[in-house]
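Here is how the chains run, residue by residue.
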Amino acid sequence: MEIKKETVINRPIQEVWEVLGNQFTTAYKWARGLIHSEGFGKPMFQGAECSNRTCEVSGFGTIQEDIKKFDSKNYVLAYEVVKGFPGFITSAVNTWSLERKGNETLVSIHLKMQTKGFKGAIMGPMMKMQLNKTVTGVIDDLKVFVETGNPSDYKQKELAKNRKKAA
């Protein structure tokens, strides 16, 4: 299963990388569906502040991601979900890449997942529909956050809802 999305962010590539790459551990501040995210582990790539991230995902639970590529020169970030997904998902790798377009940035996201067995065959198409919607939303969230410095309207509503639950 593969999902690919692109968008143009009206900011220089360094500003986009600052949020996406350098602030990898705090994606919950802008990305829908994430209640909290936190980095840990000794960095394996130059420029990275950690080697792993845990994310508390709304309505799902906690997942752990391992950084597979962190290239601040070519603006590529890839990470794999290694814990927390259902057993019928054998692999889930998300790759972000940035390309300079004058004073704007082309952002590409490429999610590759593999499933197995009967459950994977049955659940795969439904998951792809849901993930397609989520990936579209997350890339839009990144665009709004980088361009305005504020979370998207969707993410702001989500943050307000989570604050009410915590109170």
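Here is what the cut-offs are and how they apply
- Residues numbered from 1 in each chain as written.
- Predicted model: local features only at pLDDT ≥ 70, side-chain atom pairs only at ≥ 80, totals over all residues.
- Heavy atoms only, no water.
- Helix = DSSP H or I, 4+ residues; strand = E, 2+ residues; numbered from the N terminus.
- Buried < 20%, exposed > 50% of the residue type's maximum accessible area, 1.4 Å probe, protein only.
- Axes fitted to C-alpha atoms, helices over the stretch in contact; angles between N-to-C directions.
- Parallel < 35°, antiparallel > 145°, perpendicular 65-115°, else oblique.
- Left-handed = near helix turned anticlockwise from the far one by under 90°.
- Contact = heavy atoms within 4.5 Å.
- Nonpolar A, V, L, I, M, F, W, Y, C, P; charged D, E, K, R; others polar.

An unreviewed UniProt entry lists the protein under the name SRPBCC family protein, with Croceitalea rosinachiae as the source organism.

A. Local environment of unusual backbone geometry. The phi torsion at Tyr75 lies on the positive side, around 60°, for a residue other than glycine. Following the sequence through the fold, Tyr75 ends up in the loop between strand 4 (61-71) and strand 5 (76-83). Relative accessible area serves as the criterion here: at 12%, Tyr75 is assigned to the buried category.

B. Geometry of the packing of helix 1 (residues 13-22) against helix 2 (residues 117-148). As a packed pair, helix 1 and helix 2 sit with axes 10 Å apart at the nearest point and diverge in direction by 120°. By the criterion of interaxial angle, the relationship of helix 1 to helix 2 is oblique. The chirality of how helix 1 crosses helix 2 is right-handed. Touching Glu15, Val16, Val19 and Leu20 of helix 1 are Leu142, Phe145 and Val146, all from helix 2. The class makeup of the residues in the contact of helix 1 with helix 2 is six nonpolar, no polar and one charged.

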